[in-house]
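Listed below are the residues making up each chain.
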Amino acid sequence: MGTLLEIKDLVIHFEMDDGVVHALNGVDLTIHEGETLGLVGETGAGKTTLAKGIMGLTPRPPGKIKSGEILYEDRNLLTLNDQEIREIRGRHISMIFQDPMTSLNPVMTVGDQIAEVIETHDRISKQDARRKAEEMMEMVGISCERYPEYAHQFSGGMKQRIVIAIALACNPKLLIADEPTTALDVTIQAQVLEMMSRLKSTRNTAMLLITHDLGIVAQNCDHVAILYAGKVIEYGTVRQVFKQHLHPYTKGLLGSIPSLIEDVERLTSIEGLMPDPVNLPQGCAFSPRCAHAMERCFCEAPPLYLMEDGHSVRCFLCEHSSKEA
Amino acid sequence: MYRYILKRVLLLIPVLLSVIFVVFFIMSLTPTDAAEVILGNDGTPESLARLRQELGLDKPLLVQYVNYVRNLLKGDMGTSYRSGLSISEQIFDKLPNTMILACSAVLIAVLIGIPAGIISAKKQYTAFDNTVTFVALIGAAVPGFWMGLMGVLLFSVKLGWLPAARMGKTLPLLLKSLILPAFTVSTNTCAMITRQTRSSMLEVIKQDYIDTARSKGVKESVVTFRHMLSNALIPIITVIGLQIGVLLGGSVITENVFAWPGIGKYVVDSITNRDTPAVLGCVVVISVLFSLANLCVDLLYAFVDPRIKSQYSK
């Protein structure tokens, strides 16, 4: 599997009137062709900032890309001009947004919205684009008779199918799905996820699946990256992260999933809250909440330690067991 | 959809009847005696009484109202107390002049206001945006007659480029004489359209579907017009529609400053002459035009926004 997307030390800040929001503070990630990478984190960890950053949709101002590289097939997306990045968007990398209720244009027919992306990238006639858009609708399980209808005539799950049809219409190599099922109810969630993984495997599309639902990760992903306060704190295969997790935060995250077997009164949770991204603590961002925090955790930020088989962790506890030690 | 249009047109009838009644009632409260206006100082008590009887002014107010409406349906608004001419003819003589002025003013306002609002919103908080906001604020705050007078001072008196007043008879002269009053009238409208466009664009810019559109890789101009502007249009149309309604009623002050022979000047002249039926006729025509402008706006909504259209067809 070749490398499709490589993010190196990406730092994105938002410069607001009342301080600088440190949204991403040096993210390193690699996505291989055809694989599904799960990106897990709490609200405010920087998941959406990362997704929009890859798409070149960081609102500027107030957003500012301080440093880093996003290499897509060895081209740095951050140095492309408007024209070049537009050719990447929709054609090579496309995105599904969180809320299907608001991510479709309310005054344009859904069919035209699918056809628009096809017309933009494929040099084909309007009729052919329409035909292709109709095929896409059928593929996501919506009758093409509904081509001339508007978003308000569809239910939430149907709208998300349309959004998926838009995203996949030009056969992108990478699909970024930003919490694609958060706004849907559970039965629809399952249907949509099942459809997404079916489509991505038939088309060999790689996917960056952003979520805070660990169940979805376990079922759909090959690799997982845990994001905390704008940094990847643990990365590995689903098995490594779920079974051999090393970071105390990952442990807390997995520990907070309610068990079906044990009978407990209260849900376990991680003490404290995510640090305010305007004033991040010195040292490890998790240290104020960490039960294992040592003195150095409060003043020194841990590097990413490489463990066995590509598993990596950003915690001093792993310093001695890492491969480099 | 057609049933909705029909319903809206039918609804105009009670609205207009009520407007006429209110105006009729208010006019009857003014201490103007029509007979005195017509006969002036020559009237004897007998001739005054006879004239009142002829005009039907001795009848109860409600009967006068019914008679007026009945004549109105025949297109007859009575004759002017002063000139003795048919009022409906007078009004329809002057109406095109007002329409020329109103339409060109709105056109100018739209052509300047919408682009200015769009650019302003897309470049929020930049020097351009601040300038536009400031100029629009001044445009909305400055009274029309002052703008008009300043325009006359600069372009007619100082520079001598444009005529100070009156409407040109031939097309080139007409256009030349139109420039100053049209820009004067449009100042206010333009400021309002600019501010409304800016604020409704700003609302749309933050929407998720704009990110969706951008993530498709379409050109920024397509994002701006197809995705942003078409969603921002409803409040802009509302402002334009209301302004057209107001301006068709005659820009009373501007028409007087520029001696523009429109309905606004006619109404002011009629008021000074205590010409009651002429004033009444003007008010009726103005309210009809205003209601029609509003109706058009309501119907336009359906074409702009499919969500509204689907409500109508229920």
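In this report, the structure presented in the accompanying data block is examined. What you see is a predicted model; the values in this text were computed from it and never measured. (Residues numbered from 1 in each chain as written. Chains lettered and ligands numbered in written order. Predicted model: local features only at pLDDT ≥ 70, side-chain atom pairs only at ≥ 80, totals over all residues. Heavy atoms only, no water.)

Some thoughts on the pairing of strand β6 (residues 93-96) of chain A
Residue and element names in this part refer to chain A. The test is simple: Note on exposure labels: buried denotes an accessible area under 20% of the residue type's maximum, exposed denotes more than 50%, and partly exposed covers the range between, all computed with a 1.4 Å probe on protein chains only. For helices the rule is a DSSP run of H or I covering at least 4 residues; for strands it is a run of E covering at least 2, with both sets numbered from the N terminus onward. Pairing between strands is defined by DSSP: at least two bridges between the two strands are required.
Taking every second residue as pointing to the same face, both faces of β6 are buried, with I93 and M95 on one and S94 and I96 on the other. As judged from the 4 bridges shared by β6 and strand β7 (residues 174-178), these two strands associate in the parallel manner. Paired with S94 across the bridge in β7 is L175.

As for the side chain of S291 of chain B
Residue and element names in this part refer to chain B. For the record, the criterion: Note on contacts: a residue pair qualifies if any of its non-hydrogen atoms lie within 4.5 Å across the two residues.
Residue placement: S291 occurs in helix α13 (residues 276-304). Assessed through its relative accessible area of 12%, S291 is described here as buried. Residue contacts for S291: discarding those within four places in its chain leaves L12, V15 and L16.

Digging into empty space enclosed by the protein
Selection rule: Detection works on a 1 Å grid of protein atoms alone, calling trapped sets that fit a 1.4 Å probe cavities and calling open sets with protein on both sides within 12 Å along at least five of seven lines pockets, with lining residues defined by an atom within 4 Å of a point. Grid points are joined across faces, edges and corners, and a volume is the space filled by probe spheres set on the points. Residue polarity follows a fixed list, in which Ala, Val, Leu, Ile, Met, Phe, Trp, Tyr, Cys and Pro are nonpolar, Asp, Glu, Lys and Arg are charged, and the others, Gly among them, are polar.
All told, the structure shown has 2 cavities of 30 Å³ or more when counted by the stated rule. What the largest cavity holds in volume is close to 90 Å³. Lining the largest cavity we find 15 residues, and of these P248, C284, C290, C297 and C315 of chain A sit closest to its centre. Here the residues of the lining of the largest cavity are counted per class, giving 11 nonpolar, 3 polar and 1 charged. Counted as a void, the second largest cavity has a volume near 50 Å³. Lining of the second largest cavity is provided by G90, S94, M95, V117, V163, I166 and A167 of chain A together with T212, S215 and K216 of chain B. It is helix α5 (residues 156-168) of chain A that contributes the most residues to the lining of the second largest cavity, 3 residues altogether. In terms of residue class, the lining of the second largest cavity is built from 5 nonpolar, 4 polar and 1 charged.

Observations regarding the pattern of salt bridges
Side chains that differ in sign of charge can pair as their charged atoms come close. Test applied: Salt-bridge detection follows one rule: a side-chain nitrogen of Lys or Arg within 4 Å of a carboxyl oxygen of Asp or Glu.
In the structure shown here, the tally under the stated rule is 20 salt bridges over all chains. Between D298 of chain B and R8 of chain B there is a salt bridge, with its nearest N and O atoms 2.1 Å apart. Of the two residues, D298 of chain B is situated in helix α13 and R8 of chain B in helix α1 (residues 2-29); the sequence distance between them amounts to 290 residues. For the pair D298 of chain B and R8 of chain B, one class covers both residues: buried. Three or more residues joined by partner-sharing salt bridges are found here, namely R91, D122 and K132 of chain A.

Overview of the environment of S83 of chain B
Topologically, S83 of chain B is positioned in the loop between α4 (61-73) and α5 (87-122). Taking the C-alpha atoms as reference points, S83 of chain B and P45 of chain B, 38 residues apart in sequence, are found 23 Å from one another.

Focus: the sheet that holds strand β1 (residues 3-16) of chain A
Paired through backbone hydrogen bonds, the strands of a sheet run either parallel or antiparallel to each other. Residue and element names in this part refer to chain A. Taken together, 4 strands build an open sheet; the order of strands is β2-β1-β4-β5 and the sheet is antiparallel. The open sheet has two free edges, formed respectively by β2 (19-32) and β5 (75-76), since each of these has just one partner strand. Pairing of β1 with β2, which is carried by 11 bridges, proceeds in the antiparallel orientation. Along β2, the bridge assignment pairs H13 with H22.

Let's talk about the interface of chain B and chain A
The condition is simple: Simply put, the buried area is the total loss of 1.4 Å probe accessible area from both parts when two parts are fitted together. Polar contacts here mean pairs of N or O atoms no more than 3.5 Å apart (in protein, one a potential hydrogen donor and the other a potential acceptor; neighbouring residues in sequence count only if both atoms are side-chain atoms).
Taken together, the contact between chain B and chain A spans 21 residues of the former and 25 residues of the latter. Summed over both sides, the interface between chain B and chain A buries roughly 2000 Å², with carbon and sulfur atoms accounting for 57% of that surface. Sorting the residues of chain B by area buried against chain A places S215, K216 and P306 of chain B first, and these three jointly supply 29% of that buried surface. Taken together, the links from chain B to chain A amount to 3 salt bridges. Two residues, K216 of chain B and E116 of chain A, come together in a salt bridge whose shortest N-O distance is 2.7 Å. At the boundary of chain B with chain A, the tally comes to 13 residue pairs in polar contact (both at pLDDT 80 or more).

Some words on the nonpolar core
For clarity, the threshold we go by: Nine residue types can take part in a nonpolar core, namely buried Ala, Val, Leu, Ile, Met, Phe, Trp, Tyr and Cys, and a core is a set of them joined through side-chain atoms within 4.5 Å.
Within the largest apolar cluster, 93 residues are counted, with the highest numbers of intra-cluster contacts made by L5, L29, I54, L77, I93, I114 and I176 of chain A. Sorting elements by how many residues they give to this core places α5 of chain A first, with 7 residues. Discounting chain neighbours no more than four positions away, the residues touching L5 of chain A are L29, T30, I31, I54, I70, L71, Y72, L77, I93 and L174 of chain A. Judged by nonpolar contacts, the second largest core, of 55 residues, contains I87, V218, M228 and L280 of chain B.

Examining the state of the cysteines
What counts, and what does not: Only a pair of cysteine sulfur atoms within 2.5 Å counts as a disulfide in this structure description.
All chains considered together, the criterion is met by 0 disulfides over all chains. Looking at the unpaired C170 of chain A, the closest cysteine sulfur is the one in C144 of chain A, lying at 19 Å. The buried category is assigned to C170 of chain A, whose relative accessible area is 3%. Cysteine C282 of chain B shares no disulfide, and the gap to the nearest cysteine sulfur, in C103 of chain B, comes to 18 Å.

Re a nonpolar patch on the surface
Residues and elements named next belong to chain B. Rules: Patch rule: a residue counts if its relative accessible area is over 30% and it has no salt bridge; like charges are joined within 9 Å, and nonpolar side chains (Val, Leu, Ile, Met, Phe, Trp, Tyr) within 5 Å. Surface exposure here means Shrake-Rupley accessible area, sampled with a 1.4 Å probe, where a residue is shielded only by the protein chains that are shown.
Judged by side-chain polarity, F145, W146, L149, M150, L153, V157, V252 and I253 come together as a nonpolar surface patch covering roughly 710 Å² of accessible area. For the nonpolar patch, the elements supplying multiple residues, two or more each, are α7 (144-158) and α11 (252-257). Examining the composition of the nonpolar patch, we find that 6 residues originate from one element, α7, more than from any other. In this structure, V157 sits in helix α7.

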